[in-house]
Amino acid sequence: MAGSIRKPLVAGNWKMNGTSGSLDEARKIAEGAQSFADSVDVMLCPPATLIARMDLRCAGTDLLLGGQDCHHDGSGAHTGDISAEMLVDAGASAVILGHSERRVDHKETSQAVAEKAAAAHRAGLTALVCVGETDIERRSGQADNVVGEQVRLSLPQTTTGQNVVIAYEPVWAIGTGVTPTTNDISEMHGVMRNMLADRFGEAVAASMRILYGGSVKPGNAAQLLRIDNVDGALVGGASLTAKDFLAILGAYVSRAAEPAAAEA
Ligand code: PGA
């Protein structure tokens, strides 16, 4: 992040966790995050059922809210789906798209993710687009190709440096406690930044935030988040409690003041 024009973003992905009883925890996160508001954007992406109530419960704070998926249409006969416009209506300013759990569980292709991202832009949402290779793909030397292809196909023509955030989440690092080396993360983020420059131009590539995600915890946040070209984190399990999520923010902010390093 050294010398970066990009304000870091730390987003919590609550996945299919949380009911009305979790709103107090969200409020604690929102209040605790206020002291970091100048240096980092903080977002929670709860289940869609909680967005509107979380918006009310966290009123008066700078906490941003996001959905976890949206349909590409604005409305219509799509039972069980939620549109980008509905997420905006509930109080969201962003939506996670193409998370590996959705790519696997719902067979979402990168083309489908691009359609959803275009819908997010139509509604005025930031698309937080997830990419990442599997363990087998990394071990067979395919990681750069796989992730490059996902970035190429998942971003719509409406992409700008502000309305898309990429989250690099190696599938094998999600929920496992295992993380890539700092060199691997740095290299992958560099590959993506170059691809963005080729397709959308230097200005877009320089202003788009690329997050790291996968087993980010209080104990490794400082190291992971100071890697060159890493502009924040997408946090799963450790975003569910104020204690852990605020510890990650604290570790990040204190380390971000130090010089960036490609190697820890
Ligand atoms: P994790 O999940 O932090 O629990 O590994 C990250 C994610 O899936 O976004």
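Above this text sits the structure in question.
In this text the structure is predicted, and so the values were computed from the model without any measurement.

A. Broad picture of the pairing of strand β6 (residues 164–168). With respect to burial, β6 is a largely interior element, 5 of its 5 residues being buried. Neither face of β6 is left uncovered, since the one carrying Val164, Ile166 and Tyr168 and the one carrying Val165 and Ala167 both have all their residues buried. Alignment of strand β5 (residues 126–131) against β6, held across 5 bridges, turns out to be parallel. Residue valine 129 lies in a different strand from β6, and its bridge partner there is isoleucine 166. Alignment of β6 against strand β7 (residues 209–213), held across 4 bridges, turns out to be parallel.

B. Geometry of the site of the ligand. Taken together, 13 residues sit near the ligand, with Lys15, His99, Glu169, Gly175 and Ser215 positioned nearest. When the ligand is considered free in solution it has 280 Å² of accessible area, and contact with the protein chains removes 97% of it. Residue classes in the shell around the ligand are distributed as 4 nonpolar, 7 polar and 2 charged.

C. Quick peek at the packing of helix α5 (residues 110–123) against helix α7 (residues 143–154). α7 packs onto α5 with a crossing angle of 40° between their chain directions and a minimal axis gap of 7 Å. With respect to α7, the axis of α5 lies oblique. As α5 packs across α7, the resulting crossing turns out to be right-handed. On the side of α5, the interface is formed by Ser110, Gln111, Val113, Ala114 and Ala117, while α7 contributes Gln150, Leu153 and Ser154.

D. Broad picture of the nonpolar core. By size, the foremost hydrophobic cluster in this structure holds 68 residues, and its most contacted members are Leu44, Met54, Ile166, Met192 and Leu196. Apart from residues lying up to four places away in sequence, methionine 54 is in contact with Trp14, Leu23, Ala26, Leu44, Pro46 and Leu65.

E. How the structure looks around the side chain of threonine 159. Secondary-structure assignment places threonine 159 in the loop between α7 and β6. Separated by 2.7 Å, the side chain of threonine 159 and the backbone oxygen of proline 156 make a polar contact. Not counting residues within four places of it along the chain, the set of residues in contact with threonine 159 comprises His121, Val164, Phe200 and Met208.

F. A look at the packing of helix α1 (residues 23–33) against helix α2 (residues 48–57). Their axes nearest at 9 Å, the elements α1 and α2 cross at an angle of 50°. Classified by the angle between their axes, α1 and α2 sit oblique to one another. As α1 packs across α2, the resulting crossing turns out to be right-handed. Of α2, the residues touching α1 (which contributes Leu23, Asp24, Ala26 and Arg27) are Leu50, Arg53, Met54 and Arg57. By residue class, the composition of the contact of α1 with α2 is 4 nonpolar, no polar and 4 charged.

G. Examining the environment of alanine 222 more closely. With respect to the secondary-structure elements, alanine 222 resides in helix α10 (residues 218–225). In sequence terms alanine 222 and alanine 33 are 189 residues apart; their C-alpha atoms lie 16 Å from each other.

H. How the structure looks around the environment of glycine 201. Its place among the elements puts glycine 201 in the loop between α8 (182–200) and α9 (202–207). When its relative accessible area of 24% is taken as the criterion, glycine 201 is described as partly exposed. For the pair glycine 201 and threonine 160, spaced 41 residues apart in the sequence, the C-alpha separation amounts to 9.8 Å.

I. Molecular detail of the packing of aromatic side chains. The full count for this structure, using the stated rule, is 1 aromatic pair. Seen in terms of ring centroids, tyrosine 168 and tyrosine 212 are 6.4 Å apart; in terms of plane orientation they differ by 65°. Their pairing is edge-to-face. You can see tyrosine 168 sitting in strand β6 and its partner tyrosine 212 sitting in strand β7, a full 44 residues away along the chain. We note that tyrosine 168, like tyrosine 212, is buried.

J. Spatial organisation of the environment of leucine 56. With respect to the helices, strands and loops of the structure, leucine 56 is situated in helix α2. Along the primary structure leucine 56 and arginine 27 are separated by 29 residues, whereas in three dimensions their C-alpha atoms are 9.8 Å apart.

Conventions adopted
- Every residue gets a number counted from 1 within its own chain, in the order that chain's sequence is written.
- Residues qualify for local features only when their pLDDT is at least 70, as the model is predicted, and side-chain atom pairs are given and counted only at 80 or more; totals for whole chains, interfaces and linings, by contrast, use all residues.
- Note that the side-chain values use all heavy atoms of the structure and ignore hydrogens as well as water.
- Three exposure classes are used, based on accessible area relative to the maximum for each residue type with a 1.4 Å probe and protein chains only: buried under 20%, partly exposed in between, and exposed over 50%.
- Numbered from the N terminus, helices here are DSSP runs of H or I no shorter than four residues, and strands are runs of E no shorter than two.
- Note: two strands are recorded as paired if DSSP finds a minimum of 2 bridges between them.
- What makes a residue near a molecule or strand is one non-hydrogen atom of that residue sitting within 4 Å of it.
- Only the protein chains shown count as cover for residues, and all accessible areas are computed by the Shrake-Rupley method using a 1.4 Å probe.
- For this scheme, ten residues count as nonpolar: Ala, Val, Leu, Ile, Met, Phe, Trp, Tyr, Cys and Pro. Four count as charged, namely Asp, Glu, Lys and Arg, and the remainder, Gly too, count as polar.
- Working convention: axes come from line fits to C-alpha atoms, limited for helices to the stretch in contact. Angles between N-to-C directions cover 0 to 180 degrees.
- Here is the rule for angles: anything less than 35 degrees is roughly parallel, anything more than 145 is roughly antiparallel, 65 through 115 is roughly perpendicular, and the remaining ranges are oblique.
- Crossing chirality is assigned from the near helix's rotation relative to the far helix, an anticlockwise turn below a right angle marking it left-handed and a clockwise turn marking it right-handed.
- A contact between two residues is defined here by any heavy atoms of the two lying within 4.5 Å.
- Working definition of a nonpolar core: buried Ala, Val, Leu, Ile, Met, Phe, Trp, Tyr and Cys residues. They are joined through side-chain atoms within 4.5 Å.
- For this analysis, a polar contact is any N or O atom pair within 3.5 Å, provided that within protein one partner can donate a hydrogen and the other can accept it, and provided that sequence-adjacent residues contribute only side-chain to side-chain pairs.
- Two rings belonging to Phe, Tyr or Trp (six-membered ring only in the last case) form a pair when the distance between their centres is within 6.5 Å. Interplanar angles under 30 degrees mark stacking, angles over 60 mark edge-to-face geometry, and anything in between is tilted.

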